[in-house]
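Chain by chain, the residues run as shown.
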Amino acid sequence: MTRFAIANGRIVTSQGLLEAATLSVRDATIAAIGAPGDGGDALDLEGGWLMPGFIDTQVNGGGGVLFNDDISVGGIAAIGAAHAAFGTTGFLPTLISDDMDRIAAALDAADAAIAAGVPGVLGVHIEGPFLNVARKGIHDAAKLRRLDEQALALLTRPRAGKVMLTLAPELCDPADIRRLADAGVIVSAGHSNADHATVVRALAAGLRGFTHLFNAMSPLLHRAPGVVGAALDDPDSWCGLIVDGVHVDPVALRIALRAKNPAKFMLVTDAMPNIGTTADSFMLQGKSINVAGGTLQDDDGTLAGADLDMAAAVRNAVRLIGVAPETASMMAAGAPAAFLSLSDRHGTLAPGQRADWVWLDADLHPRGTWIGGQRVDG
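Residues numbered from 1 in each chain as written. Predicted model: local features only at pLDDT ≥ 70, side-chain atom pairs only at ≥ 80, totals over all residues. Heavy atoms only, no water.

Caption draft 1: Focus on the side chain of Asn 316. Here Asn 316 lies in helix H8 (residues 310–321). In contact with Asn 316, other than residues within four places in its own chain, are Val 243, Asp 244, Leu 308 and Ile 321. (Helix = DSSP H or I, 4+ residues; strand = E, 2+ residues; numbered from the N terminus. Contact = heavy atoms within 4.5 Å.)

Printed below as a string of structure tokens:
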């Protein structure tokens, strides 16, 4: 048993905010949250915050590594280590639209990373290639294809971790979504030009979420609600948000959170390999992507992921949307854990949960990250 005596700040727990507490950890799990003064390793929050570790369902890269370019246990470990410095304790390495052999390799690499005990890896996110070319964004049009039997057989194979798939629901049959969902695949709509009715049918078939809401999808119009309208009207699905001040105007974000339960919104980074480095450019499927002014763009001005980490996403949610820090914490931890059906072990600070947490200073900048009760931020 290891005890952490935490004081002089605010601790976001399942029972509300605490100013001090003793966290007891056994076998990488929180065994108890007790009264302050019970002894243990002292952690002075210095007026800051202790929050559940962040869970990021869309991580294309970090630490100089792009998952598409290094589909390996080592590549996943490097990405995870880069994001751990910013409070991420659980993540899905994300493969941008690619060929079927690369998708198979990504699925296998995530399994291998879990077997090897790579800290934080929870599975894999396959973003495409079953996307609508009209909403492709930075995705390579030459890689896009229809969902077919070969892909379904590959994606529905049992895996060690979670498998998230972003697809355009108008380009497949609802029965395909049902087959994926029944096999445990977490299906999310994205890069889609679907109309509202098509998305409603997909939701009924098992569609669970929406990838980077507002971006690369048919918008909410007064006579054509589109993907955005379907997402905000449905009370049960989850929506990913890139809160960087670039991808979505803060006004749209505030309206979204008034339209739907905030617990159904999860912060994502859509991070690229520049996170954790000083790089001013990188290559993405043959295109040079420029890092400047908090944005990532190719030479034509198309956004290519986000220059964003999870701690910055939490700060931005407080600053731009106006939510309380504990609500931003829920959007960065509890909501994605629920989306991934991992709430029994992840997403809150409570007995029985993994001992994953992040220490942020009073301005919500990262000071330390623990996974399974072990500090991992360097």
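Caption draft 2: Representation of unusual backbone geometry. The omega angle of the peptide bond from Gly 128 to Pro 129 is 15°, so this bond is cis rather than trans. Note on placement: Pro 129 falls in the loop between strand E12 (123–127) and helix H3 (149–155). Not every positive phi belongs to a glycine, and Asn 8 is a case in point at roughly 65°. Looking at the secondary structure, you find Asn 8 in the loop between strand E1 (2–7) and strand E2 (10–13). For Asn 8, a relative accessible area of 44% translates into the label partly exposed. Even without being glycine, Asp 270 reaches a positive phi, approximately 50°. Along the chain, Asp 270 turns up in the loop between strand E17 (265–267) and strand E18 (281–284). (Buried < 20%, exposed > 50% of the residue type's maximum accessible area, 1.4 Å probe, protein only.)

Caption draft 3: Highlighting the pattern of salt bridges. The tally for this structure, following the rule as stated, stands at 12 salt bridges. The shortest N-O distance in the salt bridge between Arg 145 and Asp 148 comes to 2.4 Å. With relative accessibility at 26%, the residue Arg 145 sits in the partly exposed group. A residue is classified by how much of its surface remains accessible, and Asp 148, at 27% relative accessible area, is partly exposed. The structure contains a network of salt bridges with shared partners spanning Asp 98, Asp 99, Arg 102 and Lys 143. (Salt bridge = Lys/Arg side-chain N within 4 Å of Asp/Glu carboxyl O.)

Caption draft 4: Quick peek at the side chain of His 139. Note on placement: His 139 falls in the loop between E12 and H3. The class for His 139 is buried, based on a relative accessible area of 3%. Here Ser 97 takes part through its side chain, which lies 2.8 Å from a polar atom of the side chain of His 139. A polar contact is formed between the side chain of His 139 and the side chain of Glu 127, at a distance of 3.5 Å. Here His 139 is in contact with Ile 96, Ser 97, Glu 127, Leu 131 and His 191, once residues within four sequence places are set aside. (Polar contact = N/O pair within 3.5 Å; in protein donor to acceptor, adjacent residues only side chain to side chain.)

Caption draft 5: Seen up close, the environment of Met 266. Checked against the element boundaries, Met 266 lands in strand E17. A relative accessible area of 2% means that Met 266 is categorised as buried. Taking the C-alpha atoms as reference, Met 266 lies 22 Å from His 196; in sequence the two are 70 residues apart.

Caption draft 6: Representation of the packing of aromatic side chains. Counted under the stated rule, the structure contains 3 aromatic pairs. Plain terms: the ring middles of Phe 4 and Trp 357 are 5.1 Å apart, the flat faces sit at 80° to each other, and that makes the pair edge-to-face. Of this pair, Phe 4 sits in strand E1 while Trp 357 sits in strand E21 (residues 357–360), and the two are 353 residues apart along the sequence. Overall, the relative accessible area of 0% leaves Trp 357 in the buried class. Chaining the aromatic ring pairs together yields one cluster made of Phe 4, Trp 357 and Trp 370. The ring of Trp 238 has Lys 264 lying over it, and the distance from NZ or CZ to the ring centre is 3.4 Å. (Phe/Tyr/Trp six-rings, centres within 6.5 Å; stacked < 30°, edge-to-face > 60°. Lys NZ or Arg CZ within 6 Å of the ring centre and 35° of its normal.)

Caption draft 7: Highlighting H8. Here H8 is 12 residues long and its end C-alpha atoms lie 15 Å apart, about the 16 Å a rise of 1.5 Å per residue gives. All of the buried residues along H8 are Met 310, Ala 311, Ala 312, Ala 313, Val 314, Asn 316, Ala 317, Leu 320 and Ile 321. Among the residues of H8, the N-terminal cap falls to Asp 309, whose side-chain oxygen and the backbone nitrogen of Ala 311 are separated by 3.1 Å. Looking at the residues trailing H8, positive phi occurs at Gly 322, about 90°. (Expected span 1.5 Å × (residues − 1).)

Caption draft 8: Examining the sheet that holds E21 more closely. Across the sheet, which stays open at both edges, the 6 strands sit in the order E3-E2-E7-E21-E22-E23 with mixed pairing between neighbours. In the strand order of this sheet, the two ends are held by strand E3 (16–18) and strand E23 (374–375), each with one partner. Relative to the sheet, helix H9 (residues 325–332) contacts E2, E3 and strand E7 (49–52), its axis offset from that of E7 by approximately 30°. (Pairing = 2+ DSSP bridges. Axes fitted to C-alpha atoms, helices over the stretch in contact; angles between N-to-C directions.)

Honestly, that's just the spatial picture; any functional story needs more than this.
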